[in-house]
Amino acid sequence: MRLGMELRALRKKAGLTHEQLARKVGQARMKFSRLENGRIRPDVGDIIKVLDAFEVDGVEWTKLVAIARDAADQGWWHRIAEQMGTRQAMYADLEAGAATIRAYEQNFIPGLLQIRAYLESRDETAAQLSGGSGPNPLVWEGRTGRQRMLQRPGGTTYEVILDEIVLRRLSAPAPVMAEQLEHMLRTMRESDRITVRILPVDAHVPGYSVPWSTYSIFTYPDPEDPVVAAVEMSAVDELLADPEHVNPLVAHYERLREASLSTKDSEKLLSSTAQRLTDRR
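As a convention, each chain's residues are numbered from 1 in the sequence order in which they are written. Local features in this predicted model are restricted to residues whose pLDDT is 70 or higher, and side-chain atom pairs enter the listing and the counts only when it is 80 or higher, whereas totals over whole chains, interfaces and linings include all residues. The basis for the side-chain values is all heavy atoms of the structure; hydrogens and waters are excluded.

Draft legend 1. Expanded view of the nonpolar core. Each nonpolar core is a collection of buried residues, namely Ala, Val, Leu, Ile, Met, Phe, Trp, Tyr and Cys, held together in the definition by side-chain atoms within 4.5 Å. Between buried and exposed lies partly exposed: a residue is buried under 20% and exposed over 50% of the maximum accessible area for its type, with that area taken using a 1.4 Å probe on protein chains only. Ranked by size, the top nonpolar core spans 38 residues in total, and within it Leu94, Tyr158, Val196 and Leu270 carry the most contacts. Only runs of H or I of at least four residues qualify as helices and only runs of E of at least two qualify as strands under DSSP, and these elements are numbered from the N terminus. Where this core is concerned, the elements lending two or more residues are helix H7 (86-95), strand E1 (100-105), strand E2 (157-163), helix H10 (165-168), helix H11 (174-190), strand E3 (194-199), strand E5 (228-231) and helix H13 (263-279). By residue number, the principal contributor to this core is H11, which donates 8 residues. By definition in these notes, contact holds between two residues if any of their heavy atoms fall within 4.5 Å. Apart from the residues within four sequence positions on either side, Tyr158 is in contact with Ile101, Ala103, Pro110, Leu112, Leu113, Leu150, Arg193, Ile194 and Thr195.

Draft legend 2. Region of the structure containing the pairing of E2. Along E2, 6 of the 7 residues are buried, which leaves the element largely enclosed by surrounding structure. A pair of strands is considered paired only if DSSP assigns at least 2 bridges between the two. As paired elements, E1 and E2 share 6 bridges and run parallel to each other. Across the sheet, residue Ile101 finds its bridge partner in E2, namely Tyr158. Here E2 runs beside E3; their pairing, made up of 6 bridges, is parallel. Along E3, the bridge assignment pairs Ile161 with Arg197.

Draft legend 3. Geometry of the packing of aromatic side chains. The criterion for an aromatic pair is that two Phe, Tyr or Trp rings (for Trp, the six-membered ring) have centres within 6.5 Å, with stacked assigned to planes under 30 degrees apart, edge-to-face to planes over 60 apart and tilted to the rest. Under the counting rule described, the total for this entry stands at 2 aromatic pairs. Taken together, the ring pairs connect Tyr104, Trp212 and Tyr215 into an aromatic cluster.

Draft legend 4. Spatial organisation of unusual backbone geometry. Within the chain, Glu55 stands out as a residue other than glycine whose phi angle is a positive 60°. Structurally, Glu55 can be placed in the loop between helix H4 (44-53) and helix H5 (58-72). Phi at Tyr208 is positive, roughly 55°, even though this residue is not glycine. Inspection of the secondary structure puts Tyr208 in the loop between E3 and strand E4 (215-219).

Right, here's the structure in full:
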């Protein structure tokens with residue numbers, strides 16, 4: 001997405017349309033449109049041709065080629081991307097190298113904190129509704145890979161605001177939910193980079209800005225990289241990088257954070273809920 005923003009700026013500065021640029025470089029117009037939107041992984045050779053067409057050289061050429069090479073790199077998840085699910089592969093892409101992840105989760109335990117039993121229970125439910133085949137071990141492999149990346153030394157700072165609905169409306173059998181909540185508590189206590197806050201059902205969100213969807217916000221170490229937001233949709237999540245669209249989400253997240261319980265009180269609620277669910281076994 002950073003590369004796409006840089007290419008778009010170069011093209012507009014040159015006063016070219018996608019069609020004109022495609023003819024100049026000898027490539028398909030659609031390819032450049034998708035590159036600018038961050039929808040495809042670039043070929044570094046093609047990017048160099050574009051830079052030559054724009055007569056970019058010196059320090060700027062070196063910077064943009066480095067960005068292109070970073071964008072072309074493939075992570076561990078690409079070998080199983082199709083089997084682990086395109087949506088999950090997209091999140092693995094966004095999480096890789098992120099400095100911070102801030103998330104609001106409206107209905108389920110977030111993937112970065114899930115245990116296998118919870119994931120398999122959710123997969124079984126989805127299979128019942130869709131007539132699918134049930135749990136896929138490669139989906140779990142994708143989850144564990146993402147979780148290892150999160151928990152590596154010096155890794156990403158992760159804060160999630162969990163709607164209290166997630167605790168009150170069970171998305172898995174009570175024993176599984178109890179085990180899941182206990183796992184979350186251990187994870188929080190073992191890492192000072194992972195935080196869970198609970199947004200009470202009766203919370204007063206400043207400005208009555210009630211949440212409308214699950215979303216995540218990603219920042220990266222390079223200050224020139226865009227802040228990226230992923231907003232959950234019914235089938236394919238929407239990626240946003242334009243500050244005009246991302247900044248309101250950041251402001252909304254801060255309002256949810258202000259309305260949420262403290263980390264200490266959130267731990268207490270998670271613990272008491274896990275105990276209540278255990279007592280139901």
